[in-house]
Every structure is written in C-alpha cells, then in structure tokens.
Amino acid sequence: MGFVTSVNWFRRDGSDLILQIRVQPRAGKDALAGVIGDYLKVRLTAPPVEGRANEYLVAYLAKLFGVPKNSVILERGSTSPRKQLRIRSPKKLPENLDWGN
C-alpha cells in the first residue's frame, strides 16, 4: 500500500490508517463522494438517530477496507458530521480515491 502523509484527509499510523471523514446521513445511497478539503465525504442512507449512522459508517468502512467491524474505531466526532476513524491494518483500499500512489 502506498501512503503519502502529505494528504490531509488520511494518514498512516504504523499499519493503521487514520481517516478524516465528513458524513452525510440520509443520503439516497451509500457512497464515497470524494475528497472535499481535508475530509473524505461519505454518503450514508442511515439516519443520524441514536448512533445508527455511526454504527452504519463503521460497518460500511469495514466492508470497503476488508476488515472486521471491530477494526474500525471511531476516535472523534461521535455527535458531529466530522469524524476521525482508525482502520486497523486495512486489507484493501477503495480504488476510486487518490491514495497518492
């Protein structure tokens, strides 16, 4: 995996990947909507009610990065649309993003 630390929306921490994400809940479909400023925009169909969007985000990212759900940790932003998440040892990277390769 080729990581570049100069990109602001993600960084590497050992074998982990730290992501800065901006969530848009109640979207028409689940999707990575690209990089906007210092955040990766993620559209989710889940509503922002009682932590459901956070749980859904963790499951969605686990699938995209090929890891179990317990390998995706919400580090900051549990009640905000702006979040920091840690992906422990991602097995794959979504192809439609610029990872600085």
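Draft legend 1. Structural detail: the environment of A59. Relative to the helices and strands, A59 resides in helix α1 (residues 52-65). According to the relative accessible area criterion, A59 is partly exposed, its value standing at 30%.

Draft legend 2. Highlighting the pairing of strand β6 (residues 82-87). Of all six residues in β6, five are buried; the element is thus mostly enclosed. Pairing of strand β2 (residues 16-24) with β6 involves six bridges; the strand directions are antiparallel. Paired with L19 across the bridge in β6 is L85. Note: strand β5 (residues 72-76) against β6, four bridges, orientation antiparallel. Looking at β6, one finds that I73 is bridged to R86. Where β5 hands over to β6, the hairpin turn is made up of five residues, of which G77 adopts a positive phi near 95 degrees.

Draft legend 3. Here's a closer look at the side chain of Q20. In this fold, Q20 is placed in strand β2. Beyond its immediate sequence surroundings of up to four residues, Q20 is in contact with N8, W9, D38, Y39, L40, R76, K83 and Q84.

Criteria and thresholds
Residues numbered from 1 in each chain as written. Predicted model: local features only at pLDDT ≥ 70, side-chain atom pairs only at ≥ 80, totals over all residues. Heavy atoms only, no water. Helix = DSSP H or I, 4+ residues; strand = E, 2+ residues; numbered from the N terminus. Buried < 20%, exposed > 50% of the residue type's maximum accessible area, 1.4 Å probe, protein only. Pairing = 2+ DSSP bridges. Contact = heavy atoms within 4.5 Å.

Honestly, that's just the spatial picture; any functional story needs more than this.
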